[in-house]
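Working through the structure, step by step
This is what each chain is made of:
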Amino acid sequence: MSWYQSGREIVSRGRFFFAKAWMGGLQLTTGRGIYVQDHNEAGSMQRSIYLRPIGFIPNGGKASEEEVWGGMPLAGGPLAFTALEIIERNGARVERRMTGLSEFFERDWGRHTLPASDLFEALGTPRSRIGGLSMDRPRIMGIVNVTPDSFSDGGQHDTVQAAVDHALRLADEGADILDIGGESTRPGSDAVAVDDELKRVLPVLEALRDKTDKLISVDTRKAKVMRLAAEAGADILNDVSALTYDPDALRTAAETGLPVMLMHAIGDPKTMNDNPVYDDVVIDVFDFLERRIHACEAAGIPRSKLIVDPGIGFAKLLHHNVAVLSAMSLYHALGVPVLLGASRKKLIGQLCNVDVARERVPGSIAAALSSVAQGVQIVRVHDVAATRQAIAVWMAALFGDERALAEPIR
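Bear in mind that the values here come from a model prediction, so they are computed numbers and not experimental data.

1. A word on the side chain of Ser-329
Position of Ser-329 relative to the elements: it lies in the loop between helix H8 (318–326) and strand S16 (339–340). When neighbours within four sequence positions are excluded, Ser-329 is seen to be in contact with Arg-52, Pro-53, Phe-56 and Gln-374.

2. Here we look at the environment of Ile-180
Within the secondary structure, Ile-180 is located in strand S11 (residues 177–181). Each C-alpha atom, one on Ile-180 and one on Val-204, is 8.0 Å from the other, the two residues being 24 residues apart in sequence. Residues contacting Ile-180, with those up to four places away along its chain left out, are Val-144, Val-146, Val-201, Val-204, Leu-205, Leu-208, Ile-216, Ser-217, Val-218 and Asp-219.

3. Overview of the pattern of salt bridges
Once their charged atoms are close, side chains differing in charge can pair, the charge on each being opposite to the other. This structure, assessed with the given rule, holds 22 salt bridges. Here Arg-93 makes a salt bridge to Glu-95, at a shortest N to O gap of 3.0 Å. On the basis of relative accessible area, Arg-93 is assigned to the partly exposed category, the value being 46%. Residue classification places Glu-95 among the partly exposed positions, given a relative accessible area of 39%. Salt-bridge contacts for Asp-248 lead to Arg-251; the nearest nitrogen and oxygen are separated by 3.6 Å.

4. Observations concerning the packing of aromatic side chains
Overall, the coordinates contain seven aromatic pairs when judged by the stated rule. Centre to centre, the rings of Tyr-50 and Phe-286 are 5.4 Å apart; their planes meet at 90 degrees, and the pair counts as edge-to-face. Of this pair, Tyr-50 sits in strand S6 (residues 49–58) while Phe-286 is found in helix H7 (residues 281–299), placing the two residues 236 residues apart along the sequence. Here Tyr-50 and Phe-286 have matching classes, each one buried. Each ring, one from Phe-105 and one from Phe-120, has its centre 5.4 Å from the other, and the planes form 70 degrees; the classification is edge-to-face. Placement of Phe-105 in helix H1 (residues 101–106) and of Phe-120 in helix H2 (residues 113–124) is noted, with a sequence separation of 15 residues between them. A relative accessible area of 3% places Phe-105 in the buried class. A network of ring pairs unites the aromatic residues Phe-81, Phe-104, Phe-105, Trp-109 and Phe-120 as a single cluster. The ring of Trp-109 carries the charged tip of Arg-107 above its face, separated from the ring centre by 4.3 Å.

5. Considering the packing of helix H10 (residues 361–372) against helix H11 (residues 384–399)
Remark: H10 packs on H11, axes separated minimally by 10 Å, with the N-to-C direction vectors making an angle of 40 degrees. Considering their axes alone, H10 and H11 lie oblique with respect to each other. Note that H10 runs across H11; the crossing there is right-handed. Together, Val-361, Ile-365, Ala-368, Leu-369 and Val-372 of H10 and Ala-386, Thr-387, Ala-390, Ile-391 and Trp-394 of H11 make up the contact between the two elements.

6. Focus: helix H5 (residues 223–231)
Listed as buried for H5 are Ala-223, Val-225, Met-226 and Ala-229. Take H5 and look down its axis: the buried residues cluster within an arc of 160 degrees, on one side only. In this structure, the buried residues of H5 make contact with helix H4 (194–209), strand S12 (215–219), strand S13 (236–239) and helix H6 (249–256). With its phi angle positive at about 110 degrees, Gly-233 sits one or two positions after the end of H5.

7. What about H7?
Between its first and last C-alpha, H7 extends 27 Å over 19 residues, near the 27 Å set by a 1.5 Å rise per residue. For H7, the buried fraction is high: 14 of the 19 residues fall into the buried class. Looking one or two residues beyond H7, the residue adopting positive phi is Gly-300, at roughly 105 degrees.

8. So, the confidence of the model for the protein chain
For the protein chain, the average pLDDT comes to 85, and 81% of its residues sit at 70 or higher. Across residues 62–68, where pLDDT falls below 50, the model places six contacts with residues more than four positions away in sequence or in other chains. In this model, residues 149–154 is a region of pLDDT below 50 whose contacts with residues beyond four sequence positions or in other chains number 22 contacts.

9. Overview of empty space enclosed by the protein
What the rule picks out here adds up to five cavities of 30 Å³ or more. The volume enclosed by the largest cavity comes to roughly 80 Å³. Along its surface, the largest cavity is lined by Leu-74, Ala-75, Gly-77, Pro-78, Leu-79, Met-135, Arg-137, Pro-138, Val-372, Gly-375, Val-376 and Gln-377. Along the lines of polarity and charge, the residues of the lining of the largest cavity split into eight nonpolar, three polar and one charged.

10. Here's the deal with the environment of Ala-122
By the element assignment, Ala-122 lies in helix H2. You can call Ala-122 buried: its relative accessible area is 0%. Residues Ala-122 and Tyr-331, spaced 209 residues apart in sequence, show a C-alpha to C-alpha distance of 10.0 Å.

11. Re unusual backbone geometry
Not every positive phi belongs to a glycine, and Arg-344 is a case in point at roughly 60 degrees. Relative to the helices and strands, Arg-344 resides in the loop between S16 and helix H9 (346–352). For Asn-353, which is not glycine, the phi dihedral falls at a positive 60 degrees. Residue position: Asn-353 is located in the loop between H9 and H10.

Cut-offs applied
- Residues numbered from 1 in each chain as written.
- Predicted model: local features only at pLDDT ≥ 70, side-chain atom pairs only at ≥ 80, totals over all residues.
- Heavy atoms only, no water.
- Helix = DSSP H or I, 4+ residues; strand = E, 2+ residues; numbered from the N terminus.
- Contact = heavy atoms within 4.5 Å.
- Salt bridge = Lys/Arg side-chain N within 4 Å of Asp/Glu carboxyl O.
- Buried < 20%, exposed > 50% of the residue type's maximum accessible area, 1.4 Å probe, protein only.
- Phe/Tyr/Trp six-rings, centres within 6.5 Å; stacked < 30°, edge-to-face > 60°.
- Lys NZ or Arg CZ within 6 Å of the ring centre and 35° of its normal.
- Axes fitted to C-alpha atoms, helices over the stretch in contact; angles between N-to-C directions.
- Parallel < 35°, antiparallel > 145°, perpendicular 65-115°, else oblique.
- Left-handed = near helix turned anticlockwise from the far one by under 90°.
- Arc of directions from axis to C-beta.
- Expected span 1.5 Å × (residues − 1).
- pLDDT = per-residue confidence, 0-100.
- 1 Å grid on protein atoms, 1.4 Å probe; cavity = no way out; pocket = protein on both sides within 12 Å on 5 of 7 lines; lining within 4 Å.
- Points joined across faces, edges and corners; volume = space filled by probe spheres on them.
- Nonpolar A, V, L, I, M, F, W, Y, C, P; charged D, E, K, R; others polar.

If you want it as structure tokens, here you go:
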């Protein structure tokens, strides 16, 4: 299947197609191929077309190359998608429409041909392993807050022994990743001095490193914490500012060689939820994360070591959070694993009138399942055992076969 459009060529190879082009002298190369973006009035790069996979079915991974129209495998995971939501941005106007895969392939996309091909290829490309952990099934990140003021469990694990015991309990419950944080970045929180954060995080990391083979991530915005955590044996860096808070963070993260989780947030945690404003929160978040991916690649961090998190609760009000939660599959078009962090968060309390964070477990599981059902690879949660149980039942029901729980999905 080939398309020819004003000097552009899109060549289909098996299930995925690849772009080659020269557009008015502007050629932008990424790790996947060529992408095309527009510039908005502020001068920042912004896409004019987005693809969100929808219509999910089980992906058994056994279809022949001729069986394209039954569904396209999503990112090498347990799902395939049968349709797309096409989102077009033209200045302040945003239009959305649904299309089947056949219509998508047959349509003349004009100036959108190259961006659409780039996004579609990203949707189908299997994700790289993160720290040796395959991304072919949902993975659980357990939260270990070594802080006195985290919104849900502040003060419960703020000693080394309590934090280590909690982390090992989460590992036993089925966490694939243990996420250690020494600074609360909840809305309204104050920054923590780097030395205080190090005193909280490093002893826990060092104690855990000899006690578990689970991946350990460190939740920090600070370059010094990143560097020392890497030296102490951390496997992943998790930065809620997407390496924008500390001027040295991008360089330091690249030097460690570790995978990096990039989360969307705007402004300082102290004031970020005072009055966040978006043109369209779902695609504005996409644009931000795409820019941060490009910044990381330019700094020497390969796309294969990046994970994105749209940042539920960070610089977002309830209607923003719900919009992002409902469109999580859009972020697969960034070509990297996607993480959801909605556990026990305020949006659940707002939706369900539950003020106490630890009583939001059912809502947390619902948010996790909603995103896993959209192909999200990692869910960051407080309640590992409950989440694991819910995902196990979901996977068994999806495939109608309990063996899906034990066998890798290819």
